[in-house]
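Commentary on secondary and tertiary structure
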Amino acid sequence: MRSASGLQAAPYMQAEKAPRRPQRSMFGFTLIEMVVTVAIVGILAAGAFPLAELAAQRTRESELRQALRQIRGGLDAYKQAYDEGRIERIVGASGYPPSLQTLVTGVVDVSDPEGSRIYFLRRLPRDPFFPDTSVPPDRTWGKRSYASPPNAPREGADVFDVFSLSGRVGLNGIPYREW
């Protein structure tokens, strides 16, 4: 056959087929895909770890607030019962309990002829920031007596207030000792 230009077109030549190679399976991952996936998971985990740590600290701070509120409520209830004459009055006493354990063990109600007991707490909560869990709960708290100044709390004949013994600072920037 001749084309318009007068050249004869070459007959269509069929290319020889190359020997067949076994096809690779299209299922599975390459090494690069696996490395990239592990790197992405590592980056996500590195970002999530500080958030989990922050959440744990917030939880312990919430437990600390609740424990302080319970103990201070028990101290106030003891003082109110003392002021109402339901607890035996002692000359020179401040009206606050001699120990934190007294809030749990209770005291005799002198206004009741049957001599029933008044309890102020069911159980004494622990300081969630105290490192040793084998220590009894009443020893995990710092105690301030009525006679000690607020800026230099000391233990004494009674328990006027409690505070955390932790040296750490809260998320709000205030040391736990000052909560």
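Residues numbered from 1 in each chain as written. Predicted model: local features only at pLDDT ≥ 70, side-chain atom pairs only at ≥ 80, totals over all residues. Heavy atoms only, no water.

Brief notes about the overall build of the chain
Each helix and strand in the chain was counted, giving two helices and four strands. Overall, the chain shows an N-to-C arrangement of helices and strands of α-α-β-β-β-β. The contacts in the chain between residues at least 6 apart in sequence include a share of 45% that link residues at least 24 apart. Roughly 13,400 Å² of accessible area belongs to the chain as shown, and the carbon and sulfur atoms make up 58% of that amount. (Helix = DSSP H or I, 4+ residues; strand = E, 2+ residues; numbered from the N terminus. Contact = heavy atoms within 4.5 Å. Areas by Shrake-Rupley, 256 points an atom, 1.4 Å probe, with all protein chains shown as cover.)

Things to note about the environment of Pro-97
As for its position among the elements, Pro-97 is in the loop between α1 (31-83) and α2 (101-105). Overall, Pro-97 belongs to the buried group, its relative accessible area being 0%. With 60 residues separating them in the primary sequence, Pro-97 and Ala-157 have C-alpha atoms 8.6 Å apart. Non-local contacts of Pro-97, meaning those with residues more than four positions away in its chain, are made with Leu-75, Tyr-78, Thr-102, Leu-103, Asp-158 and Val-159. (Buried < 20%, exposed > 50% of the residue type's maximum accessible area, 1.4 Å probe, protein only.)

Structural notes on the packing of aromatic side chains
Taken as a whole, this structure holds six aromatic pairs when the rule is applied. Aromatic pair Tyr-96 and Tyr-146: ring centres 5.8 Å apart, planes at 25 degrees, arrangement stacked. Of this pair, Tyr-96 sits in the loop between α1 and α2 while Tyr-146 sits in the loop between β3 (141-144) and β4 (161-164), and the two are 50 residues apart along the sequence. Its relative accessible area of 48% is what places Tyr-146 among the partly exposed residues. Taking 5.1 Å as the distance between ring centres and 75 degrees as the angle between the ring planes, the aromatic pair formed by Tyr-176 and Trp-179 counts as edge-to-face. Note on Trp-179: relative accessible area 17%, which makes it buried. Each member of the aromatic cluster is reached from another via a ring pair, and the members are Tyr-96, Tyr-146 and Phe-160. If you follow Arg-89 out to its NZ or CZ, it ends over the ring of Tyr-82, 5.2 Å from the centre. (Phe/Tyr/Trp six-rings, centres within 6.5 Å; stacked < 30°, edge-to-face > 60°. Lys NZ or Arg CZ within 6 Å of the ring centre and 35° of its normal.)

Focus: the environment of Gly-115
Residue placement: Gly-115 occurs in the loop between β1 (107-108) and β2 (117-118). Excluding residues within four positions of it along the chain, Gly-115 makes contact with Val-108 and Asp-109.

Some points on the pattern of salt bridges
Applying the stated criterion across every chain yields a total of four salt bridges. For Asp-109, the salt bridge identified is with Arg-86, shortest N-O distance 3.1 Å. You can see Asp-109 sitting in the loop between β1 and β2 and its partner Arg-86 sitting in the loop between α1 and α2, a full 23 residues away along the chain. For Arg-86, a relative accessible area of 30% translates into the label partly exposed. (Salt bridge = Lys/Arg side-chain N within 4 Å of Asp/Glu carboxyl O.)

Let's talk about the nonpolar core
Counting 23 residues, the largest nonpolar core has Ile-71, Leu-100, Phe-120 and Trp-141 as the members making the most contacts within it. Elements represented by at least two residues in this core include exactly α1 and α2. Those residues in contact with Ile-71, other than ones at most four positions away along the chain, are Leu-100, Leu-103, Leu-121, Leu-124, Pro-125, Trp-141 and Val-162. (Core = buried A, V, L, I, M, F, W, Y, C linked by side-chain atoms within 4.5 Å.)

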